[in-house]
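# Residue-level structure breakdown
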Amino acid sequence: MGSDSEAEKSALKEKKKILALAPIAKPLAGKKLCKRTLKLVRRAAENKCLKRGVKEVVKSIRRGNKGLCVIAGNISPIDVITHVPILCEEANIPYVYVPSKEDLANAGATKRPTCCVLVLTKPAKGELGQDQQEKLKGDYDQVASDVSELANSMF
């Protein structure tokens, strides 16, 4: 009856995430890039280098802050975030979609599901230690190059 293995349950969960994706969710991060991106978001949240939510992200982009924009692909209604990729392209900010808003919220250290986050290279207030700054910058550079590669292969 209820003897589904853990692998089958996780495969079913992944399938549900893919089915819930919006049609405009491109470039979509693969499994490996998604994991790396969420790890970067988690590290940025720990170091206070993260802007959460559509309002904050749009405000930061308009003010000229640079970073990496991570957008959830399963947002409903999709109209809430359709303007964010356009703003990112105009400001030359790399952006990528991840399959789940819940996973994005967990990585961003919030309980509430999050539509999009902007990972900044340095904190808005204060300074980071040298080693923390180097770790964050290294992760950021790696993910940003992978995202740019993914975007270039798409167009």
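This text gives an overview of the structure that appears in the document. (Residues numbered from 1 in each chain as written. Predicted model: local features only at pLDDT ≥ 70, side-chain atom pairs only at ≥ 80, totals over all residues. Heavy atoms only, no water.)

### Re the overall build of the protein chain
Looking only at helices and strands, the protein chain features six helices and four strands. Counted from the first residue to the last, the protein chain has its helices and strands arranged as α-α-β-α-β-α-β-α-β-α. Over its C-alpha atoms the protein chain spans a radius of gyration of 16 Å, differing by no more than 12% from the 15 Å that the globule rule assigns to 155 residues. A principal-axis box enclosing the C-alpha atoms of the protein chain has dimensions of 55 × 35 × 30 Å. Within the protein chain, the proportion of its 155 residues that are buried is 41%. Across the protein chain, contacts joining residues at least 24 apart in sequence account for 82% of those joining residues at least 6 apart. (Helix = DSSP H or I, 4+ residues; strand = E, 2+ residues; numbered from the N terminus. Rg over C-alpha atoms; globule rule 2.2 N^0.38 Å. Buried < 20%, exposed > 50% of the residue type's maximum accessible area, 1.4 Å probe, protein only. Contact = heavy atoms within 4.5 Å.)

### Considering the pattern of salt bridges
With the rule as written, the count across this model stands at three salt bridges. Salt-bridge contacts for R43 lead to D139; the nearest nitrogen and oxygen are separated by 2.3 Å. With a gap of 96 residues between them, R43 in helix α2 (residues 31-46) and D139 in helix α6 (residues 130-154) connect regions that are remote in the sequence. A relative accessible area of 24% places R43 in the partly exposed class. (Salt bridge = Lys/Arg side-chain N within 4 Å of Asp/Glu carboxyl O.)

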